[in-house]
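Structural characterization, general
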Amino acid sequence: MGRTAPPPLADAVLPGRLAELLGDHGEAALTEALDLVVTELGLRSAVLRETDPHGGSVHRAGRLRAVAGDAVAAVPAMRVVPSGGAAPATVELPVRSGGRDACVLSVLGARPSQLPVLRAVAAVLGLALFRPSRLPLADAAADLVAAADAEADAAADHLHDGPVQALVVAHYAATAAARGGDPVAARDAVQAALVELRRALWHLRPRGDGGLAAALGLLSDRLEEAGGAPLGFVLDEPLSAALPSAVVSTAYRLVQAAAVPPDAGPVRVTLRREGGTAVLDIDGGTPLADVARWTAKARALGGSLTSTEARTRLAVPLTTPRPKATS
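Note that this is a predicted model, so its numbers are computed, not measured. Counting of residues starts from 1 at the beginning of each chain's written sequence and follows it residue by residue. Only residues with pLDDT of at least 70 are given local features in this predicted model, and only at 80 or more are side-chain atom pairs given and counted; all residues enter the totals for whole chains, interfaces and linings. In computing side-chain properties, one takes all heavy atoms of the structure into account and sets aside hydrogens as well as water.

The next thing to look at is helix 7 (residues 212-225). Here helix 7 spans 20 Å end to end across 14 residues, near enough to the 20 Å set by a 1.5 Å rise per residue. The rule is simple: take the accessible area with a 1.4 Å probe, protein chains only, and divide by the maximum for that residue type; under 20% is buried, over 50% is exposed, in between is partly exposed. For helices the rule is a DSSP run of H or I covering at least 4 residues; for strands it is a run of E covering at least 2, with both sets numbered from the N terminus onward. Buried within helix 7 are the following residues: L212, A215, L216, L219, S220 and L223. Along the axis of helix 7, the buried residues cluster in a sector spanning 140 degrees; they form a single face. Residue G227 follows helix 7 closely and has a positive phi angle near 95 degrees. To estimate how far a helix should extend, the number of its residues minus one is multiplied by 1.5 Å. Directions drawn from the helix axis to the C-beta atoms are what define this arc.

What follows deals with unusual backbone geometry. In the Ramachandran plot, D290 falls in the positive-phi region, its phi being about 55 degrees despite a non-glycine side chain. When you line up the elements, D290 lands in the loop between strand 7 (277-284) and helix 10 (291-300). Residue D290 is classed as partly exposed on the basis of its relative accessible area, which comes to 37%.

The next subject is the sheet that holds strand 1 (residues 45-50). The strands making up a sheet associate through backbone hydrogen bonding, with each pair oriented either parallel or antiparallel. By this definition, two strands are paired if DSSP reports at least two bridges between them. One open sheet holds the four strands; their spatial order is 2-1-4-3, and the pairing between them is antiparallel. Of all the strands in the sheet, the pair left with one neighbour each is strand 2 (64-69) and strand 3 (90-97). Ignoring which end each strand starts from, the neighbouring axes of this sheet average 15 degrees apart. A contact between two residues is defined here by any heavy atoms of the two lying within 4.5 Å. Only the stretch in contact is used when a helix axis is fitted, and all axes are lines through C-alpha atoms; the angle between N-to-C directions ranges over 0 to 180 degrees. Contacts from helix 2 (residues 30-41) reach strand 1, strand 2 and strand 4 (100-108) within the one sheet, and its direction differs from that of strand 2 by about 35 degrees. Helix-sheet contacts for helix 4 (residues 115-129) involve strand 1, strand 2, strand 3 and strand 4, and the interaxial angle to strand 3 is about 35 degrees.

Glancing now at the sheet that holds strand 9 (residues 311-317). The strand order 5-6-7-9-8 describes an open sheet built from five strands, whose pairing is mixed. Two strands in the sheet have a free side with no partner beyond their single neighbour: strand 5 (232-235) and strand 8 (304-307). Direction aside, the axes of adjacent strands within the sheet are offset by 10 degrees on average. Summarising the sheet, strand 8 and strand 9 pair through four bridges and their orientation is antiparallel. Paired with S304 across the strands is A315, a residue of strand 9. Lying over the sheet, helix 7 contacts strand 5, strand 6 (267-274) and strand 7, oriented at roughly 175 degrees with respect to strand 5.

Here we come to the packing of helix 1 (residues 13-25) against helix 4. The N-to-C vectors of helix 1 and helix 4 enclose an angle of 15 degrees; their axes lie 9 Å apart at closest approach. Between helix 1 and helix 4, the angle falls in the class roughly parallel. At the point where helix 1 passes helix 4, the crossing takes the right-handed sense. Contacts between helix 1 and helix 4 involve L14, P15, L18, A19 and L22 on the former and, on the latter, V117, A120, V121, V124, L125 and A128. Its residues assigned to classes, the contact of helix 1 with helix 4 shows 11 nonpolar, no polar and no charged. For classification, angles of less than 35 degrees are called roughly parallel, those exceeding 145 degrees roughly antiparallel, those between 65 and 115 degrees roughly perpendicular, and all remaining angles oblique. Handedness of a crossing is defined here by the sense of rotation of the near helix relative to the far one, left-handed for an anticlockwise turn of less than a right angle and right-handed for a clockwise turn. As a working rule, the residues Ala, Val, Leu, Ile, Met, Phe, Trp, Tyr, Cys and Pro are called nonpolar, Asp, Glu, Lys and Arg charged, and the rest polar, with Gly in that last group.

Further remarks concern the environment of R49. For R49, the position within the fold is in strand 1. For the pair formed by R49 and A102, sequence separation is 53 residues and the distance between their alpha carbons is 8.6 Å.

Looking now at the nonpolar core. Among the nonpolar cores identified, the biggest contains 33 residues, and L48, L105 and L125 are the most heavily contacted of them. Sorting the residues of this core by element identifies helix 1, helix 2, strand 1, strand 2, strand 3, strand 4 and helix 4 as the ones contributing at least two each. The element that contributes the greatest number of residues to this core is helix 4, accounting for eight residues. In contact with L105, other than residues within four places in its own chain, are L34, A46, V47, L48, V91, E92, L93, V95, V121 and L125. For our purposes a nonpolar core is just a set of buried Ala, Val, Leu, Ile, Met, Phe, Trp, Tyr and Cys residues, chained together by side-chain atoms within 4.5 Å.

Let's shift gears to the pattern of salt bridges. Counted as salt bridges are all cases of a side-chain nitrogen of Lys or Arg within 4 Å of a carboxyl oxygen of Asp or Glu. Scanning the model with the defined rule gives 12 salt bridges in all. With a shortest N-O distance of 2.6 Å, D283 and R311 are connected by a salt bridge. In this pair, D283 sits in strand 7 while R311 sits in strand 9, placing the two residues 28 residues apart along the sequence. A residue is classified by how much of its surface remains accessible, and D283, at 22% relative accessible area, is partly exposed. Accessibility expressed as a relative area gives 35% for R311, which makes it partly exposed. What emerges from the salt-bridge pattern is a single network uniting R272, E274, D281, D283, R311 and R313.

Dropping the structure here:
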């Protein structure tokens with residue numbers, strides 16, 4: 001009995017369905033994806049194998065990743081002799097992933113008119129195979145907990161070296177006033193300690209609900225109020241408005257780390273788009289302390305962080321698509 005091929009699909013339909021399937025389930029759905037390809041295109045089989053890392057034959061050494069249709073097609077060592085007529089041609093397409101040929105998609109029974117859609121299928125499979133290197137979930141969670149603990153420790157140090165010392169001075173001044181000393185000096189010492197404590201509490205609170213530009217504006221005002229240099233910042237405004245709250249918070253805290261210490265010099269902040277990445281540069285100020293903590297936070301956002309004496313750079317992939325150009 002002959003096999004009747006289903007009517008051809010538009011090129012965009014099958015790759016789109018594959019992208020949705022693999023986007024939801026990743027590599028676990030490779031076999032299901034090949035089943036869909038075989039069924040919709042009326043193929044005899046589809047086989048996905050890894051390329052031979054040593055340069056040998058893909059069919060002999062490549063690890064099998066998925067197969068659909070006639071299972072015998074997945075056994076390259078077996079030669080199948082058809083009972084009659086010409087054997088259907090095997091079409092092989094490279095599947096690129098992570099900038100290299102990672103696999104080969106072999107299909108049996110394809111028509112020449114199906115080559116464009118098969119190339120699109122191979123491209124979608126390559127996207128599903130590509131996974132940026134990530135820490136195991138347990139390691140990433142441990143890094144984030146350690147980062148939070150380190151931030152609490154740094155906040156405690158700041159409170160101890162600033163407001164607590166001012167309170168100690170106020171305590172001694174109040175004790176002296178109680179024994180007949182100068183009450184004005186005691187009042188001034190208490191006032192200074194109160195200002196120091198309020199300033200420290202202001203810097204501890206999150207600032208980012210109104211976006212990065214507003215948060216940096218408030219921080220600049222506080223720095224000037226304390227006698228420091230104002231921030232200089234140039235931001236891509238549409239990009240800044242589209243940043244997720246977690247990225248805004250991390251960016252703001254990085255600027256704080258550079259600009260708030262008493263010995264910090266002037267700070268300049270720039271935010272720009274580089275392809276699909278948001279890049280924040282912080283120039284000047286105090287060199288970043290505990291770079292490992294900040295690197296863990298950047299990694300949790302899917303990004304990266306580099307820091308030198310003169311510059312700290314945070315790069316985070318964008319999840320918000322670019323606005324489409326209008327004619």
